Amino acid sequence: MGFPPGDAPLPVEAPTVVAVDGLLRELLLVCTEPDLPAGEARRLRAVVEDRLRRARVRPLTLPAAQDPRLAEACRLVTEDLSRPRTAAWLARRVGAGERPLARLFRTEFGTTYPQWRTRVRVFHAMLRLADGTTVTQAGRACGWATTSAFVDTFGRTMGQTPGAYRAAASAAEPEGTGSG
């Protein structure tokens, strides 16, 4: 279900998380019925647009580190996701021991460094895929050595393949505005 760029009911600048209530969820499900008559589809779409305009939205973001050493470690990783950075390398670069840095990841993000890095890589891959980047290009840019490793990790993390995610993102764009 795409919307005209000038009249989109949600922010279009970046991926957004939408709090979907029960009514909106059911409306969206009904709109996917293959034999939905055109008139009914138009009326349902109007209600969906109204409900989306009232929905709570938040930008899809990653948590920001508070500790300056952790913030610097995160910056070093995200500035070039294609290069694997070990915890030891990061610790040396930010002037911290490996254990204190590992504690900072657990304390601030609730994950280990490898788990955080995977989330960051998947997040950036989602952005690239939504912009029309191929699965192989997105995987390489975000640090996976092979496309199959990227597909496996993305699928386990997101519950769908990167190709399906990319196709859904493309299908969500109104005709004539897609990047491909």
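Residues numbered from 1 in each chain as written. Predicted model: local features only at pLDDT ≥ 70, side-chain atom pairs only at ≥ 80, totals over all residues. Heavy atoms only, no water.

1. What to know about the side chain of T133
No. 1: With respect to the helices, strands and loops of the structure, T133 is situated in the loop between α6 (113-130) and α7 (135-141).
No. 2: Taking relative accessible area as the criterion, T133 reaches 18% and is therefore assigned buried.
No. 3: Apart from the residues within four sequence positions on either side, T133 is in contact with R128, A138 and R166. (Helix = DSSP H or I, 4+ residues; strand = E, 2+ residues; numbered from the N terminus. Buried < 20%, exposed > 50% of the residue type's maximum accessible area, 1.4 Å probe, protein only. Contact = heavy atoms within 4.5 Å.)

2. Looking at the packing of aromatic side chains
No. 1: Summed over the entire model, instances satisfying the criterion amount to 8 aromatic pairs.
No. 2: Arranged with centres 5.7 Å apart and planes meeting at 70 degrees, the rings of F150 and F154 form a pair that is edge-to-face. Taken as a pair, F150 and F154 lie in helix α8 (residues 147-158) at a separation of 4 residues, close to a single helical turn.
No. 3: Judged by relative accessible area, F150 falls into the buried class, the value being 0%.
No. 4: Owing to a relative accessible area of 0%, F154 belongs among the buried residues under this scheme.
No. 5: An aromatic cluster is built from F105, F109, Y113 and W116, whose rings are joined through pairwise contacts.
No. 6: One cation-aromatic arrangement involves R121 over W144; the distance from NZ or CZ to the ring centre is 3.9 Å. (Phe/Tyr/Trp six-rings, centres within 6.5 Å; stacked < 30°, edge-to-face > 60°. Lys NZ or Arg CZ within 6 Å of the ring centre and 35° of its normal.)

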